[in-house]
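Residue-level structure breakdown
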Amino acid sequence: MIYLSQLLGNPVLDLNGEKIGTVSDLGIATGEVFPRVTSLAFMGPGHTPFMISWRKYVDSYDEHEVHLKVVATDIRFSYLQPNEVLLARDILNKQIVDTRGMRVVRVNDLKLSDTNSTQLRLLGAEVGIRGILRSLSPGIERLALRIAHTFGKQLPEKIIAWSYMDLVERDLSDVKLSVSHKTLDDMHPADIADIIERLDPRLRGQVFAQLDDEQRAGAMAELDDDAMAAQIMGSMDEADASRILSEMDPDDAAELVSELDYDKAEKLLKLMGVNEQKAIRQLLGYREDTAGRIMTSEVVSLPEDKTVADAVERLRGLDEDFESVRYVYLTDEDEKLSGVVTLGRLIVSDPDTRLEDIATTELKTASPEDDQEDVAQDIAKYNLLAMPVVSDEGKLLGIVTVDDALDVLEEEHAEDLQIAGGTSSDADGTEHAHDLVWLLRRNAWFFFWVVATAIITFAFKTDTSTFTTALLACAAMPLALVVADDSVSYVTNFFLENDPDDEDSPSTLGFTLRSIGTGLVFALICTLLVLAFVSLALPDASDAALAHALRLGFTAAAVSVLVSFALTPIYLVILSKRDERNQETSGFALAIISMIVAAVVFAIAIAVTGTTGIVLG
C-alpha cells in the first residue's frame, strides 16, 4: 500500500537515471470500482507542467522515486480524458460526500494499492487524523502511532472507499464515476439536506446542480435552516427556483417563500402555475406559527353519500407526488366536514358501502389561527396521522400532517433548550469536540469570580490592609454569581412552563412579588448563617480582621442575591417580548448578563460598606 502524500514531490527519473521533474499529481480513470492510475503529472525543468501515460511510460515506483521506461527525449505529452480526474487537484484536501455515512468529510490523503509492479489503483480517501499527520511528515505519523500505542490506544485509519465517495467541487456530469458508484441521486432528500447543511457555502450550489428538480425540492423542504434555504433559492435562476417551488408541498413552499424578500418571492410566484400559486398564497395569508401556515391543502375529500368504490377510484387517480394520504374526509351537503374514513376501513369494507356508514364523526379539528404548537401537541396526544383544519363555518381547508407536527415539536424543543441554556446533542458525536466550550458554559461563574476578584483587589492595591480585606471578602462572591445564574434558570423555567394566555397562569405581578420574596428570604438565610459562623468560629480579637472581611463579603453577596431576584421580572419581559417577535433568546446569554450585574453589584456593595463601615454584625 502507498499513499498519494508519499508520491507527491518525489523525483521522476528517465531511463538513464536523469531527473526530469517531480511528481505533482496522478490521474485516475473513474469508470471502475477501484480506479486505475492512468496518468502521471510532473513538474519539469523551468516549472513546465507535463502529463504522460502511466501505463506507457512508468517502469517502477516507490516512496522515494518514480522511474520511467524511456529517456527524456522520447516522452510524449498526453491529455486528461473526459472520464478522468486528478487526485491532488480534484480530490485531495477537498470536501466530499460519504454516501454511506451520510456526511461531509475532507480528504486528508488517498490510499493506493499496487496490483502489480507498475499498476496503481485508488482504494479510497483517508479522512482521519492519520492523513493529516502523514501529509505533514511520515515521521510525525509514526511518532503519533508510537505514542498512542504507549498509552494503549489505537489510531486507526478512516478510509472511505471510492464506491461510497461523491465529489462536489467540480462538475462531474460527464464523468462516469464507477459501475457501482452511489451518488447523491440515490440518497433520501433528508440525507441530502443534512449534507448540504455541512458543506461550505460555495459548494451548496454545485451539489444542487447535480440533482433533478424533484430531488432539489425534497432536499429544500428538509433543510432545518430556513435562512440557508432562502439563500440557496435566492441565488438560483428564477425559472429553476420556480420549478422547485412547484415540486414542493404547498406548506413547505409557503414556508420557504416567506423567507425570501418580497420582490424575489413575487417573481417566483408569478412564474408558477395558477393552482400552485393560489395554494401558496392562501397559506401565506395566515400568520406565522399558526396551523394555517403549516397545513397542506392537498386533501382527499368526498361527499358523504359516496361509496367505498368511489373513494378507491379517487385515490387511484391521484398524482404520484400527492401528499401521503392517511384519511378520506367526508363533507355534507353544505360542504362542511362531517366525518373521516381511514384507509384501513376502506380496504376491508365492501365496495358498495356508503362512506358515511363507516365514517368516524367525532373529529378533532383545528382552526387555521390556532397556535401550531398546540395543534402539534394535540396530534401527539390523540395519536393522529393528520388533523383537519376547518374554517369558522366548518368547511375543510386542509390538514396538518404528523411529519409537520413533529417538525414543530422539534423546533419548540430546540428553542426551549436554548432559552434554558441547554444544548442538543449531535448525532455525529461532534459535541465531544466542544468539551472546553461545554466546561466554560457550565462553570462560567468561576471565570467571572477570578476576573472580578482581580479587578476588585486591583482597585485596593495601594493599601495593604484594604487589599487583604477585599481579597478575603471576594471569597463570598461565588454565592452571588451562582445565585445569579440560578435566578435566570428560575425565570426561564417559569417562562417555559406558563402560557401568558392561560387564565390559570400566574400574573407578572405575582411572579415579581414571589421573586423578590424569594430573594429576601435567601439573602436573610445567608446573612444569618455567616453571622453565626463568624461568631462561633472566630470569637477571638486576633481574628477580627478575618471576621470583618467575611462579614463584608457575605453582606455584599446578600445584596447581590436580592438584586438578582429583583431583576427576574425584567428578564421575563425580555423573553416574552422576543418570543412575540419570533426571536430566539439564549438562556446562557441571559445568565452571562445576570452574572455581570451580580459582580458589579457585589463590587459596589464592598466599596460602599467597606468605606462607610456599614457591615452586618
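Everything quoted here is computed from the prediction, not taken from an experiment. (Residues numbered from 1 in each chain as written. Predicted model: local features only at pLDDT ≥ 70, side-chain atom pairs only at ≥ 80, totals over all residues. Heavy atoms only, no water.)

Details of the confidence of the model for the protein
- Overall, the prediction assigns the protein a mean pLDDT of 81, with 82% of residues at 70 or greater.
- This stretch, residues 172-181, has a pLDDT under 50; its non-local contacts, to residues over four places away or in other chains, come to 30 contacts.
- Predicted confidence is poor over residues 423-434, with pLDDT under 50, and the contacts of this stretch with residues over four places away or in other chains come to seven contacts. (pLDDT = per-residue confidence, 0-100. Contact = heavy atoms within 4.5 Å.)

With respect to the packing of helix H10 (residues 238-247) against helix H12 (residues 262-271)
- H12 packs onto H10 with a crossing angle of 70° between their chain directions and a minimal axis gap of 8 Å. One finds that H10 runs roughly perpendicular with respect to H12. In the packing of H10 onto H12, the handedness of the crossing is right-handed. For the pair H10 and H12, the contacting residues are Glu 238, Ala 239, Ala 241, Ser 242 and Leu 245 in the first and Lys 264, Lys 267, Leu 268 and Leu 271 in the second.
- When the residues that make up the contact of H10 with H12 are grouped by side-chain class, the tally is five nonpolar, one polar and three charged. (Axes fitted to C-alpha atoms, helices over the stretch in contact; angles between N-to-C directions. Helix = DSSP H or I, 4+ residues; strand = E, 2+ residues; numbered from the N terminus. Parallel < 35°, antiparallel > 145°, perpendicular 65-115°, else oblique. Left-handed = near helix turned anticlockwise from the far one by under 90°. Nonpolar A, V, L, I, M, F, W, Y, C, P; charged D, E, K, R; others polar.)

A look at the sheet that holds strand E16 (residues 327-331)
- With mixed pairing, three strands are arranged side by side in an open sheet as E15-E16-E17. Bordering the open sheet on either side are strand E15 (301-303) and strand E17 (337-342), each of which pairs with just one other strand. Taken over all neighbouring pairs, the strand axes of this sheet differ in orientation by 30° on average, direction set aside.
- As judged from the three bridges shared by E15 and E16, these two strands associate in the parallel manner. Note that in E16 the partner of Leu 302 across the bridge is Leu 330. (Pairing = 2+ DSSP bridges.)

Things to note about the pattern of salt bridges
- Counted by the stated rule, this structure contains twelve salt bridges.
- Arg 134 is paired through a salt bridge with Glu 141; the nearest N and O atoms lie 3.1 Å apart. Comparing Arg 134 with Glu 141 shows no difference in burial state: the two are buried.
- A salt bridge links Lys 267 to Glu 238, with the shortest nitrogen-to-oxygen separation between them at 4.0 Å. With Lys 267 in helix H12 and Glu 238 in helix H10, this residue pair connects regions lying 29 residues apart in the sequence. (Salt bridge = Lys/Arg side-chain N within 4 Å of Asp/Glu carboxyl O. Buried < 20%, exposed > 50% of the residue type's maximum accessible area, 1.4 Å probe, protein only.)

Description of helix H18 (residues 372-381)
- Buried within H18 we find Gln 372, Val 375, Ala 376 and Ile 379. Buried residues of H18, viewed axially, fall in a sector of 100°; they line one side.
- The N-cap of H18, judged by a side-chain oxygen 2.8 Å from the amide nitrogen of Glu 373 a few residues on, is Asp 371.
- A positive phi of about 55° marks Asn 383, the residue just after H18. (Arc of directions from axis to C-beta. Polar contact = N/O pair within 3.5 Å; in protein donor to acceptor, adjacent residues only side chain to side chain.)

Brief notes about the nonpolar core
- Formed by 53 residues in total, the largest nonpolar core has its most connected members in Met 220, Met 233, Leu 245 and Tyr 329.
- With near-sequence residues (within four places) excluded, Met 220 lies in contact with Phe 208, Ala 229, Ile 232, Met 233, Met 248 and Leu 256.
- Val 23, Tyr 57, Val 85 and Leu 87 belong to the second-largest nonpolar core, a separate cluster that totals 37 residues. (Core = buried A, V, L, I, M, F, W, Y, C linked by side-chain atoms within 4.5 Å.)

A look at unusual backbone geometry
- Even without being a glycine, Asn 93 presents a positive backbone phi close to 65°.
- The exposure class of Asn 93 is partly exposed, given its relative accessible area of 46%.
- The backbone of Asn 383 shows a phi angle near 55°, a positive value even though the residue is not glycine.
- Following the sequence through the fold, Asn 383 ends up in the loop between H18 and strand E18 (386-390).
- A relative accessible area of 67% places Asn 383 in the exposed class.

A look at the pairing of strand E4 (residues 37-44)
- The element E4 is largely enclosed, with a buried count of seven among its eight residues.
- Of the strand pairs in this sheet, strand E3 (residues 19-29) and E4 are connected by six bridges, and their pairing is antiparallel. Along E4, the bridge assignment pairs Ile 28 with Val 37.
- Sheet analysis places E4 next to strand E5 (residues 48-53), joined by six bridges and oriented antiparallel. Counterpart to Ser 39 in the pairing with E5 is Ser 53.

Re the packing of helix H8 (residues 213-222) against H10
- Packing of H8 against H10 brings their axes to within 8 Å, and their N-to-C directions diverge by 70°. It follows from the interaxial angle that H8 and H10 lie roughly perpendicular. On H10, the residues touching Asp 213, Glu 214, Arg 216 and Ala 217 of H8 are Asp 240, Arg 243, Ile 244 and Glu 247.
- Its residues assigned to classes, the contact of H8 with H10 shows two nonpolar, no polar and six charged.

Details of the packing of aromatic side chains
- Tallied over the entire structure, the rule returns eleven aromatic pairs.
- Between Phe 42 and Phe 50, the ring centres sit 5.3 Å apart and the planes meet at 10°, which makes this aromatic pair stacked.
- For Phe 42, a relative accessible area of 2% translates into the label buried.
- An aromatic cluster of at least three residues, connected via ring pairs, comprises Trp 445, Phe 446, Phe 447 and Trp 449.
- Between the NZ or CZ atom of Arg 134 and the centre of the ring of Tyr 3, over which it lies, the distance is 3.6 Å. (Phe/Tyr/Trp six-rings, centres within 6.5 Å; stacked < 30°, edge-to-face > 60°. Lys NZ or Arg CZ within 6 Å of the ring centre and 35° of its normal.)

Topic: the environment of Ser 489
- The residue Ser 489 is located in helix H23 (residues 477-497) in this model.
- The class for Ser 489 is partly exposed, based on a relative accessible area of 30%.

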